[in-house]
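Report on the structure
Single-letter residue listing:
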Amino acid sequence: MSFQRPLFRHPNLPKNELGFAKADYEGTLSTLCAGCGHDSISAAIVQACYELNVEPHRVAKLSGIGCSSKTPTYFLGNSHGFNSVHGRMPSVATGASMANRTLKYIGVSGDGDSASIGMGQFVHVIRRNLNMVYIVMNNGCYGLTKGQDSATADVGSKSKAGSINPFQPIDLASMAIELGATFVAQSFSGDKRQLVPLIKAAMDHRGFAFINVISPCVTFNNNVGSTKSYDYVRDHIEATATIDFVPHAEEITAQYDPGTETEITLHDGSLLHLKKLANDWDPMDRISAASAMQKARSKGQILTGLLYINEDAKNLHETIESVPSPLNQLDETDLCPGSAVLDDLMMSLR
Amino acid sequence: METTNVNDPEYYHKVVDCQYACPAHTPVPEYIRLIAAGRYADAYMINWESNVFPGVLGRTCDRPCEPACRRGRVEEEPVAICRLKRVAADHKGDVIDRIPQGPFTPNGKKVALIGGGPASLTVARDLAPLGYEIHVYDEQISGGGMMRSQIPSFRLPESVLNEEVNFILDMGIHTHFKHYVDSLSALLPDYDAVFVGTGAPKGRDLKLPGREEGDANIHIGIEWLASVAFEHTHSIGKKVIVLGGGNTAMDCCRTSRRLGGEEVKVVVRSPFEDMKASPWEKEDAMHEDIPILNNHVPKSFEVKDGKLIGMTFDRVEAQYDENGKRSLISTGEPPVFVEADDVLIAIGQVNTFPWIERDLGLEFDQWGMPVVSKQTYQSTLPKVFFGGDAAFGPENVITAVAHGHGAAISIDLFCQEKEVANRPAPRTNLFHQKMGIHEWSYDSAVASDQRFVVPQADKSVTLKDRKLEVELGFDERTAFQEAQRCLNCDVQTVFTETKCIECDACMDVCPTSCITFTENADEESLRTQLSAPALNTDQDLLVSDTLKTGRVMIKDEDVCLHCGLCAERCPTSAWDMQKFLYNTPKAGISVT
Ligand SMILES: Cc1cc2nc3c(=O)[nH]c(=O)nc-3n(C[C@H](O)[C@H](O)[C@H](O)COP(=O)(O)OP(=O)(O)OC[C@H]3O[C@@H](n4cnc5c(N)ncnc54)[C@H](O)[C@@H]3O)c2cc1C
Ligand SMILES: Cc1ncc(C[n+]2csc(CCOP(=O)(O)OP(=O)(O)O)c2C)c(N)n1
Ligand code: SF4
Ligand code: SF4
Ligand code: SF4
Ligand SMILES: [Mg+2]
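Here we summarise the structure given alongside this text.

The rules behind the values
- Residues numbered from 1 in each chain as written.
- Chains lettered and ligands numbered in written order.
- Predicted model: local features only at pLDDT ≥ 70, side-chain atom pairs only at ≥ 80, totals over all residues.
- Heavy atoms only, no water.
- Helix = DSSP H or I, 4+ residues; strand = E, 2+ residues; numbered from the N terminus.
- Buried < 20%, exposed > 50% of the residue type's maximum accessible area, 1.4 Å probe, protein only.
- Contact = heavy atoms within 4.5 Å.
- Areas by Shrake-Rupley, 256 points an atom, 1.4 Å probe, with all protein chains shown as cover.
- Rg over C-alpha atoms; globule rule 2.2 N^0.38 Å.
- Lys, Arg positive; Asp, Glu negative; His and termini not counted.
- Charge placed at Lys NZ, Arg CZ, Asp CG, Glu CD.
- Near = heavy atom within 4 Å.
- Nonpolar A, V, L, I, M, F, W, Y, C, P; charged D, E, K, R; others polar.
- Donors = N, O, S within 2.8 Å, 3.2 Å for Na, K, Ca; no water.
- Buried area = accessible area lost by both parts, 1.4 Å probe.
- Salt bridge = Lys/Arg side-chain N within 4 Å of Asp/Glu carboxyl O.
- Polar contact = N/O pair within 3.5 Å; in protein donor to acceptor, adjacent residues only side chain to side chain.
- Phe/Tyr/Trp six-rings, centres within 6.5 Å; stacked < 30°, edge-to-face > 60°.
- Core = buried A, V, L, I, M, F, W, Y, C linked by side-chain atoms within 4.5 Å.
- Pairing = 2+ DSSP bridges.
- Axes fitted to C-alpha atoms, helices over the stretch in contact; angles between N-to-C directions.
- Patch = residues over 30% accessible without salt bridge, like charges linked within 9 Å, V, L, I, M, F, W, Y side chains within 5 Å.

Moving on to the overall build of chain B. Within chain B, the regular secondary structure consists of 22 helices and 24 strands. When its C-alpha atoms are laid out on the principal axes, chain B stretches across 90 × 65 × 45 Å. Here chain B holds 592 residues, and 56% of them are scored as buried. Sequence-distant contacts, at least 24 apart, represent 72% of the contacts inside chain B between residues at least 6 apart. Accessible surface, chain B: about 24,500 Å² in total, of which carbon and sulfur atoms supply 49%.

Another point: the overall build of chain A. When its secondary structure is counted, chain A shows 12 helices and 13 strands. Taking 2.2 N^0.38 as the reference for a compact globule, 350 residues should give roughly 20 Å; the C-alpha atoms of chain A span a radius of gyration of 21 Å, in line with that estimate. Seen through its C-alpha atoms, chain A measures out along the principal axes to roughly 70 × 55 × 45 Å. Among the 350 residues that make up chain A, the fraction classed as buried is 52%. Taking contacts inside chain A between residues at least 6 apart in sequence as the whole, the part at least 24 apart equals 70%. Of the roughly 16,000 Å² of accessible surface on chain A, 54% is carried by carbon and sulfur atoms. Charged side chains of chain A number 29 positive and 36 negative; the gap between the two group centres comes to 8 Å.

In the region of ligand 3, the neighbouring residues are Leu 32, Cys 33, Cys 36, His 38, Cys 67, Asn 139, Gly 143, Cys 217, Val 218, Thr 219 and Phe 220 of chain A. Partitioning the shell around ligand 3 into residue classes produces seven nonpolar, four polar and no charged.

Residues and elements named next belong to chain A. Around the magnesium ion (ligand 6), the protein contributes the donor atoms Asp 111 (OD), Asn 139 (OD1) and Cys 141 (O), at 2.1 to 2.2 Å from the metal centre. One chain supplies every donor to the magnesium ion (ligand 6), and in sequence these donors are spaced D-x27-N-x1-C. In this pair, Asp 111 sits in helix H4 (residues 111-115) while Cys 141 sits in strand E5 (residues 141-142), placing the two residues 30 residues apart along the sequence.

Here the focus is the interface of chain B and chain A. The partner chain A presents 29 residues to the 38 residues of chain B that form the contact. Summed over both partners, the interface of chain B with chain A comes to about 2,800 Å²; 55% of that surface belongs to carbon and sulfur atoms. Broken down residue by residue, the surface that chain B buries against chain A is led by His 438, Asp 508 and Arg 569 of chain B, which jointly contribute 20%. Taken together, the connections running from chain B to chain A amount to five salt bridges. Between Asp 504 of chain B and Lys 192 of chain A there is a salt bridge; the shortest N-O distance is 2.9 Å. One can count 14 residue pairs in polar contact (both at pLDDT 80 or more) joining chain B with chain A. At the level of secondary structure, the elements contributing two or more residues to the side of chain B that touches chain A comprise helix H7 (71-74), helix H20 (505-509) and helix H22 (565-569) of chain B. With four residues, the single largest contributor to the side of chain B that touches chain A is H20 of chain B. Looking at the side of chain B that touches chain A residue by residue, the class counts come to 19 nonpolar, six polar and 13 charged.

Further remarks concern the environment of Gly 112 of chain A. All names here are of chain A. Its place among the elements puts Gly 112 in helix H4. Its relative accessible area of 7% is what places Gly 112 among the buried residues. Separated by 210 residues in the primary sequence, Gly 112 and Ser 322 have C-alpha atoms spaced 32 Å apart. Once you skip the residues sitting within four places of it in the chain, Gly 112 turns out to touch His 86, Ile 117, Gly 118 and Tyr 142.

Now for the packing of aromatic side chains. All names here are of chain A. Using the criterion set out here, one finds 16 aromatic pairs over all chains in the structure. A centroid spacing of 5.6 Å and a plane angle of 50° characterise the contact between Tyr 134 and Phe 208, whose relative ring orientation is tilted. Of this pair, Tyr 134 sits in strand E4 (residues 132-138) while Phe 208 sits in strand E8 (residues 208-214), and the two are 74 residues apart along the sequence. Judged by relative accessible area, Tyr 134 falls into the buried class, the value being 1%. For Phe 208, a relative accessible area of 0% corresponds to the buried category.

One finds Ile 35, Phe 53, Leu 127, Ile 134 and Ile 411 of chain B to be the most contacted residues of the largest nonpolar core, which totals 74 residues. Here the element with the most residues in this core is helix H17 (residues 397-415) of chain B; it accounts for 10 residues. Look past the residues within four positions of Ile 35 of chain B in its chain and what remains in contact with it is Tyr 40, Ala 43, Leu 84, Val 87, Ala 88 and Ala 479 of chain B. Among the nonpolar cores identified, the runner-up in size contains 73 residues, and Ala 151, Phe 210, Tyr 308 and Leu 316 of chain A belong to it.

Let's shift gears to the sheet that holds E8 of chain A. Residues and elements named next belong to chain A. Strands sit in the order E2-E1-E3-E4-E8-E7-E13-E9 across an open sheet of eight strands; the sheet is mixed. In this open sheet, the two strands that pair with only one neighbour each are strand E2 (80-83) and strand E9 (237-239). This sheet shows a mean twist of 20° between the axes of neighbouring strands, independent of strand direction. Here strand E1 (residues 59-63) runs beside E2; their pairing, made up of four bridges, is parallel.

Right, let's talk about a nonpolar patch on the surface for a bit. There is a patch of nonpolar side chains on the surface, built from Leu 342, Leu 345, Met 346 and Leu 349 of chain A and spanning about 420 Å² of accessible area. Leu 345 of chain A sits in the partly exposed class, given a relative accessible area of 47%.

This part is about the site of ligand 5. Lining the immediate environment of ligand 5, one finds 14 residues, of which Cys 510, Cys 560, Leu 561, Cys 563 and Cys 566 of chain B sit closest. A breakdown of the residues in the shell around ligand 5 according to their chemical character gives nine nonpolar, four polar and one charged.

Now for the side chain of Arg 63 of chain B. All names here are of chain B. Mapped onto the elements of the fold, Arg 63 is located in the loop between helix H5 (54-60) and helix H6 (65-68). Since its relative accessible area comes to 6%, Arg 63 is described here as buried. Filtering out sequence-adjacent residues up to four positions away, Arg 63 remains in contact with Cys 82, Arg 83, Trp 280 and Arg 451.

Moving on, we get to the pattern of salt bridges. Residues and elements named next belong to chain B. Here the structure, examined in full by the defined rule, presents 53 salt bridges over all chains. Between Lys 92 and Glu 163 there is a salt bridge, with the nearest N and O atoms lying 2.9 Å from each other. Of the two residues, Lys 92 is situated in the loop between helix H8 (81-90) and strand E1 (110-114) and Glu 163 in helix H11 (residues 158-169); the sequence distance between them amounts to 71 residues. Owing to a relative accessible area of 10%, Lys 92 belongs among the buried residues under this scheme.

Following this line, the structure appears as structure tokens:
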């Protein structure tokens, strides 16, 4: 019986710059259904953190409720984590970030967790541009409660029990662009080649980075007629571009061709190299991103890849000018700067 | 790469590293599981079927399976396969009613086996139940060959050897002991077939200055060991030099320590690391306070007043050319004198066949070895077959057993007037093991324990009695723990491409990064592009047929733990854990 993963790893596993192997970024063995798309996304997060040389103890994982929200247990076992209540991950993330803005925050949510009960929280965390990665593992259903249609289920999509969904879906990625999110991407759990660089870029992005990942629920929503099944998604995805993430430390050698390729420099100097760009699409232009989304939808396609990026917007901490150091490192002199400072403050309010 | 043909029985056989490496292809994981289950007699019988001497081999086998064992690639040390075999033998209880008992219905054919070592005894065991009248000839007083004359009792108690030799002889074998065969041609007319299992009975000598003058105290290692075993020799001088770096040298030095040798030294020409002896035999010798002087080339025997007083040696250094070929270069230092009352020469064995007439049509090659087929063990005289050390030079007991099985098949085919080259195929079976969501019929959890050490009796006792066994064997509890280290490599990961939905679950869960979904390419580039680089080219890649997305699934067999997680995480059972049983062909099984 195997409820535990064996301790042995491949002897030739490469190590990253910190001396960690990929295995050092794993969590405990997943208890999700065999073949659940969410597990692949967990694996992509592990891969991305390994490749980015992230120090595990500098990451906090946050989630709500759902199969998707369970996944933080299954990756980054050496990082901080908080499994909150249904739909409330954004407030917990905001609070944590207020207390310590030096950590990297990865929020994991589901389509139920974000598009239904947590919708209010979702829109406000975008509005505030909190510095975090927000991943929705989107399976078009409430997996954990046995597969009821969620708010992202497409109209006409057939459930496992045979009923047809009569309601319009909420398109989370379009909504995020509309609300001013500064990094919006869409991907598929079965395409790590695209997903891993997207997660890396999102983690390096300074501000709110949203990734909507279509992630089939094999148990309740992988049937014929479902628009979130492995087969359907594979048949209908269309990428904006192929994406390469070049970390800032690496020397850039490749030349790019401005017609069909573009390069985006992230804040820390890392590069996103996009190839085979879709027509009429500019990742730095919100309007073109929104219209590319609309066009794809009208053709019945699922547009994946980077959709929109803005490296110049102020994030929440910059806007409110929060203290750079973690709150638990503030000492008495920081917290009680003395009567002179108080006097100045009083004067400024007169 | 091409899609792997898993219908070739050798594909999955090769995944069971230990069984594949075993010359007799003993189904190792199958018996290890039985030991873990406390079913010692069943475990013993599986061994007995394959290797005929489980009690002997569980103590003395050269264990080619252990360096091959997958566990040694996953962590430091392989499973203690050999010593687990001994556990089965030690705890089996009475198995006599499971051993074939005569009288067997005669088939009218008579076979002579010359030499009573493991090769001949294996032929006897395989053929007697088929009705052959078997006659064994050996110049020794009883059967067992070098297992009796050479392997010392402190490694192999006589009672263990006797039991297993008698299992065979009691099948109604006609024994002709104390009978040296001095003519093959004299025997030929009386038998339908003859098997030669006479071993490599002659020890090499070392002709150096002083050899003849010191002769009274200079002995050929294997002759001396035999004379100790047969109780003709009971003592040796206080100071002993043993020349040679193989296992015979180790047995000579350790036996000397038990017959009165106080300062026993092993002297070898080569560097320590290049010595032929198994690492564990060197350790055991050193544990008994026997120093090993390496890089010393013998120069002369020193004799004073007609009596041996020691030897002189030149000191050398090993140098290797670009092809790795070694030469021993003198360091230029003055020769070293080592005192000795007796010297044992253990520098190798040779085959001699003075009793085989050279005009019978039985060809010998330029080195005086018979011309023998590696597949059929047949000589150029069709009714004469060879096996064991006599066939291709000195090896070990398990190789002799493997030859015996092969020769028995040939002799049976030959006597039934069938084509000897047309061999029966191995019998294989592949059967799935799923019992529930997380349940398999085998213990799929992988134990993290390091190899357990076999306890030994204290040398203050063992050095006083040459018959006292040094190794004590695992107790049942430790045996269970050691057995749990086995990775069950025979429970195969079987992949069915038509069921795969490419969800990546197996690839993500695999603890040792064995699985990759990727575009197909040639083997060389694929090996570097997998989830973990597949640098061990001795191990195969399992390549699937093309999948829906145009990719293929590639599994590197190298460090698969057979943990079953891929199959547990697969939503469609595209992966399944299936037990593969591989039985080598046996005499008497019809050719299909
Ligand atoms: C010191 C020593 C230690 C060893 N230790 C090990 C060990 O630990 N593990 C291991 O696996 N192997 C060991 N070996 C090797 C192993 O003993 C042999 O490889 C194996 O016994 C070969 O088996 P066989 O059947 O070919 O012949 P043998 O065992 O050599 O038997 C041949 C028999 O034929 C008889 N014979 C020969 N010529 C005639 C004739 N003309 N007429 C009648 N009888 C004849 C001989 O008396 C002998 O009994 C050791 C060898 C030596 C020398
Ligand atoms: C406040 C509250 N309301 C309802 C639930 C019941 N509930 C648990 S999970 C879930 C939906 C989860 O769906 P989603 O976020 O899409 O996750 P999935 O399981 O599909 O990954 C619901 C409604 C709850 N746990 N808490
Ligand atoms: S119910 Fe669906 S979403 Fe939940 S673990 Fe199973 S497959 Fe995944
Ligand atoms: S782990 Fe077990 S089955 Fe695998 S090679 Fe070693 S002994 Fe054989
Ligand atoms: S059994 Fe499957 S999961 Fe386990 S090590 Fe082998 S390939 Fe990987
Ligand atoms: Mg969901």
